[in-house]
Amino acid sequence: MGRDLLVSRRGLLQAGLIGSAAVWCGGALGCARSARAPRAAARAALSPAGEEILAAVIPVVLGPLLPAGPARERALDAGLASVDDYLASLSLPLQREASDAFDTLDLPPVRALLLGTWQPWRDAPAGAVEAFLRSARQSRFLLARRIYALLQSLAVVAWFDQPEAWREIGYPGPPIGPHAPGAA
Amino acid sequence: MSAPEIHDGSAFAGDLSLEGDVVVVGTGAGGATAAEILAGAGLRVLMLEEGAYRDTRRDATLRELPSFTRLYREGAVRPTKDGAIAVVQGRTVGGSTTVNWTSSFRTPRQTLEHWRDAHGLEGLGPDELAPWFEAIERRLHIEPWPDPNPNNALLARGAAALGWSHGAIRRNVHGCRNLGYCGLGCPLGAKQSMDVTAVPAALGRGAALVTRVRAERLVLEGGRVAAVDGAALDERCVRPTGRRARLRAPWVVVAAGAIESPALLMRSGVPDPGGRLGRGTFLQAHNYSMALMPGPVDPFYGAPQSVYVDQFTWRDGVGGRAGFNMEAAGAQPVVTMNQYKGIGTELAEFARRLRHVHTLVSQIRDGFHEESPGGRVELRSDGSAVLDYPLGEYFWDGVRSSYLAMAECQFAAGAERVQPACSDAPAYRSFAEARVGIGALRLRSPSVFLNSTHPLGGCAMGADPRTSVVDAFGRHHHVENLVVLDGSIVPTSLGVNPSLTLYALAARGATALAGRIAGRS
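Residues numbered from 1 in each chain as written. Chains lettered and ligands numbered in written order. Predicted model: local features only at pLDDT ≥ 70, side-chain atom pairs only at ≥ 80, totals over all residues. Heavy atoms only, no water.

**Remarks on the overall build of chain B**
Here's step 1: Assigned secondary structure in chain B consists of 13 helices and 26 strands.
Here's step 2: Scaling as 2.2 N^0.38, a compact globule of 521 residues should have a C-alpha radius of gyration of about 24 Å, and chain B matches this with 22 Å.
Here's step 3: Reported as C-alpha extents along the three principal axes, the dimensions of chain B are approximately 70 × 50 × 45 Å.
Here's step 4: The contacts of chain B with a sequence gap of at least 6 include a subset with a gap of at least 24, amounting to 76%.
Here's step 5: For chain B, the computed accessible surface area is about 17,200 Å², with 48% contributed by carbon and sulfur atoms.
Here's step 6: When the 54 basic and 52 acidic side-chain charges of chain B are each reduced to a single mean position, those positions are 3 Å apart. (Helix = DSSP H or I, 4+ residues; strand = E, 2+ residues; numbered from the N terminus. Rg over C-alpha atoms; globule rule 2.2 N^0.38 Å. Contact = heavy atoms within 4.5 Å. Areas by Shrake-Rupley, 256 points an atom, 1.4 Å probe, with all protein chains shown as cover. Lys, Arg positive; Asp, Glu negative; His and termini not counted. Charge placed at Lys NZ, Arg CZ, Asp CG, Glu CD.)

Here is the structure:
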């Protein structure tokens, strides 16, 4: 896995992320996604593809920082809601760019090449998602490094904005206001 | 006293039409300063702002993401065209002054002399600008900060150990309690930002404020600006609601900031025979170095910037290799962790030591060398602006030398480990190791984490109408009743944080404009 695999996938990855092609493919292959039931409440800006991808990426990026058990689902939902609110504040051209990128990464052939499995992002083995992220981080291709930067950053900012994340990293919270220690 | 006249675009029941003496587009450092002066001269001022008017004293959650989405453009990460640099700009009443870290510097002598020599700008020497600086320093309570937090104290310790030139940063605060949340909008109203100073002052003198309206174009008639047309926006300031605003006045001040001011002029077809509009946009790009210190730093608390290092800003001469100034960059978890580019266990181990993280930033000055021509503003098909800012070897040399200097400083201050904010860089255990590692580090985007809180230029001042857009008073070279007064008018980056320079240039230009208008009536 890793670097060489991503390099060998470059043709498809590069072709696939060209904007208009991405939009067209996303529409044509939309049925591949529609088989899965939508999980969460309606989002303002985060597309179903973006939600699937981030649901797979956030646990890998945050690793042992995410809580285990039922708290994990709640933490993930809170993180996804934060990403959604964040994306919804972007200008419409940037919202479209993010949405196109997610749609392309969620195309079954792209997914299969990146993750080495035909499973949806959310069900892909964490090891496959991690191997993809590590190879993208080091890739000699700008596009792959940009994908790493986007996914890693969204996962990080979504999680560390949660008051639930703060205790483990030693941040007591703001000294005043609704999130201050001891505030109701 | 009557209530202030404020029109919120998201609540428009119909289209809005206003008439006054001067329209001011933008309420940041330039626009609000100009509005206060013009309203004080007895003129009816119409202020136009794309963002909302939020009272950060009541509104602040002190959570980072919701603050970034409400108070900043593009959630504080407006990407350059190739995604290499995230441009950080306020989008709220007060503009970037509402969210800046209060670091206030007079424009360096070297920068002003370069403007005179390379851009023919007269009347902007240190002595000539001194009265303008003094007036703003009094108005905004700009004074040295006596109480550096550990993040800043460590910078001073490292600089002192190495014998580097450094000093105390002055801040525009009044009643500051050293909380450290400047970037989220001051929860105390202590920061003397435009939303609590010049904007309310202008409103008190009869100015009107139109918020959540995006200036789309200047309406040109007979070679003059006849009106400013805008689109009302929804609550998030993102989607047009379909309602419109038209503001008419015989004089128009554009102060929408770097990128947006040139874009507005470009969309409007303002004459640009020299082809200079949007060119020469500078970022003074910021790169970061993260250290783990043996003792707690608690970077999330305390005034974020109170110590500067200027050892390297001009070390190779004004026109030499890329120089940089160095400051502390401690902040809350989202900002701090977003500079850390690892994943999984590696990231978790770092995050669990967040209290010990010490962060430095270098701001690499651009625009003083032929290999540093800055970026260019382009319009997308929908009229929105994007900055094309290519990076070259000259720039990467500045990144490498500043990574080295920051690592040296952090080890001199006692760091256990130092790691450049770059997804290709490992953590180094000594400066000897860092020197070899950083010397060989592959510098490429977006692996090198880069942002800019200092976008400048695009409507450059200059003596020659063929090579510049406005004169030293912000007067447009080709449209008589158009004045530009904001960060877009400076012809290079500054070598320091820009707010005080922009206040002074705007005060000078607005005072001249008030005199010009009085002379006509």
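Moving on from the model shown.
**Things to note about the nonpolar core**
Here's step 1: In this structure, Leu38, Met47, Trp115, Leu218, Leu265 and Leu482 of chain B are the most contacted members of the largest nonpolar core, which totals 82 residues.
Here's step 2: Residue contributions to this core peak at 11 residues, all from helix 13 (residues 499–520) of chain B.
Here's step 3: Those residues in contact with Leu218 of chain B that sit more than four places away from it in its chain are Val225, Ala227, Val228, Val252, Val254, Leu264, Leu265, Ser268, Val270 and Leu482 of chain B.
Here's step 4: Val157 and Tyr171 of chain A together with Leu65 and Val334 of chain B belong to the second largest nonpolar core, which has 76 residues in total. (Core = buried A, V, L, I, M, F, W, Y, C linked by side-chain atoms within 4.5 Å. Buried < 20%, exposed > 50% of the residue type's maximum accessible area, 1.4 Å probe, protein only.)

**Concerning unusual backbone geometry**
Residue and element names in this part refer to chain B.
Here's step 1: Cis geometry marks the peptide bond from Ser445 to Pro446, where omega comes out at -5°.
Here's step 2: Take Pro446: it is sitting in the loop between helix 12 (431–440) and strand 24 (450–452).
Here's step 3: Non-glycine residue His141 carries a positive phi angle of around 55°.
Here's step 4: Positionally, His141 belongs in the loop between helix 5 (126–139) and strand 8 (142–144).

**Thoughts on the packing of aromatic side chains**
Residues and elements named next belong to chain B.
Here's step 1: The full count for this structure, using the stated rule, is 13 aromatic pairs over all chains.
Here's step 2: An angle of 75° between the planes, with centres 5.4 Å apart, marks the rings of Phe105 and Tyr308 as edge-to-face. Taken together, the positions of Phe105 in the loop between strand 7 (103–104) and helix 4 (109–119) and Tyr308 in strand 18 (residues 307–309) put the pair 203 residues apart, joining distant regions of the chain.
Here's step 3: A ring pair is formed by Phe300 and Tyr301, whose centres lie 5.0 Å apart and whose planes are at 85°; its orientation type is edge-to-face. (Phe/Tyr/Trp six-rings, centres within 6.5 Å; stacked < 30°, edge-to-face > 60°.)

**Quick look at the sheet that holds strand 7 of chain B**
Residue and element names in this part refer to chain B.
Here's step 1: With antiparallel pairing, the three strands of this open sheet are ordered in space as 7-10-8. In the strand order of this sheet, the two ends are held by strand 7 and strand 8, each with one partner.
Here's step 2: Alignment of strand 8 against strand 10 (residues 170–172), held across three bridges, turns out to be antiparallel. Residue pairing for strand 10: Ile142 is matched across the bridge by Asn172. (Pairing = 2+ DSSP bridges.)

**Details of helix 10 (residues 142–160) of chain A**
Here's step 1: Across its 19 residues, helix 10 of chain A extends 27 Å between first and last C-alpha, which sits within 8% of the 27 Å expected from 1.5 Å per residue.
Here's step 2: Judged by how many residues are buried, helix 10 of chain A sits mostly within the fold: 14 of 19 residues are covered. (Expected span 1.5 Å × (residues − 1).)

**Some details on the pattern of salt bridges**
All names here are of chain B.
Here's step 1: On inspection of all chains with the given rule, the structure shows 33 salt bridges over all chains.
Here's step 2: Residues Glu5 and Arg44 are paired through a salt bridge, measuring 2.9 Å at the closest nitrogen-oxygen approach. Taken as a pair, Glu5 in strand 1 (residues 5–8) and Arg44 in the loop between helix 1 (29–40) and strand 4 (45–48) lie far apart in primary sequence, 39 residues in all.
Here's step 3: Note that Arg355 is salt-bridged to Asp298, the shortest N-O span being 2.6 Å. Separated by 57 residues along the polypeptide, Arg355 in the loop between helix 10 (344–351) and strand 20 (357–364) and Asp298 in the loop between strand 17 (286–292) and strand 18 bring together distant segments of the chain.
Here's step 4: Its relative accessible area of 36% is what places Arg355 among the partly exposed residues.
Here's step 5: Bridged by salt links that share partners, the residues Glu50, Arg73, Arg78, Arg214 and Glu260 form one connected network. (Salt bridge = Lys/Arg side-chain N within 4 Å of Asp/Glu carboxyl O.)

**So, the packing of helix 5 (residues 48–62) of chain A against helix 10 of chain A**
All names here are of chain A.
Here's step 1: For the pair helix 5 and helix 10, interaxial distance at closest approach is 9 Å and the crossing angle is 75°. The orientation of helix 5 with respect to helix 10, classified from their angle, is roughly perpendicular. On helix 10, the residues touching Ile53, Leu54, Val57, Ile58, Val61 and Leu62 of helix 5 are Leu151, Gln152, Leu154, Ala155, Val156, Trp159 and Phe160.
Here's step 2: Grouping the constituent residues of the contact of helix 5 with helix 10 by class yields 12 nonpolar, one polar and no charged. (Axes fitted to C-alpha atoms, helices over the stretch in contact; angles between N-to-C directions. Parallel < 35°, antiparallel > 145°, perpendicular 65-115°, else oblique. Nonpolar A, V, L, I, M, F, W, Y, C, P; charged D, E, K, R; others polar.)

**Concerning the sheet that holds strand 26 (residues 482–484) of chain B**
Residues and elements named next belong to chain B.
Here's step 1: Pairing is parallel in the open sheet, where six strands are placed in the order 1-11-4-3-15-26. The open sheet terminates on both sides in strands that have one partner only, identified here as strand 1 and strand 26. Strand-to-strand twist of the sheet, defined as the mean angle between neighbouring strand axes without regard to direction, takes the value 15°.
Here's step 2: As judged from the four bridges shared by strand 3 (residues 22–25) and strand 15 (residues 251–254), these two strands associate in the parallel manner. Opposite Val25, over in strand 15, you have Val254 as the bridge partner.

**Comments concerning helix 8 (residues 108–115) of chain A**
Three- or four-residue spacings in an α-helix give side chains the same orientation, since the helix completes a turn every 3.6 residues.
Here's step 1: The element helix 8 of chain A is extensively covered by neighbouring structure, given that six of its eight residues are classed as buried.
Here's step 2: Buried within helix 8 of chain A we find Pro108, Val110, Arg111, Ala112, Leu114 and Leu115 of chain A.

**A closer look at the interface of chain A and chain B**
Here's step 1: At the junction of the two partners, chain A supplies 52 residues and chain B supplies 53 residues.
Here's step 2: Here chain A meets chain B over a buried area of about 4,400 Å², counting both sides, of which 57% is carbon and sulfur.
Here's step 3: A per-residue breakdown of the area chain A buries against chain B is headed by Tyr86, Arg137 and Asp161 of chain A, which together make up 14% of the total.
Here's step 4: Inspection of the chain A/chain B interface yields four salt bridges. (Buried area = accessible area lost by both parts, 1.4 Å probe.)

**Focus on the pairing of strand 19 (residues 324–328) of chain B**
Residue and element names in this part refer to chain B.
Here's step 1: Extensive coverage of strand 19 is indicated by the burial of five of its five residues.
Here's step 2: Judged by which residues are buried, strand 19 turns out to be covered on both faces: Phe324, Met326 and Ala328 on one side and Asn325 and Glu327 on the other are all buried.
Here's step 3: Where strand 18 lies against strand 19, two bridges are found, and the strand directions are antiparallel. Bridge pairing in strand 19 places Tyr308 opposite Glu327.
Here's step 4: Note that strand 19 and strand 20 share five bridges and pair antiparallel. When the bridges of strand 20 are listed, Asn325 appears paired with Gln363.

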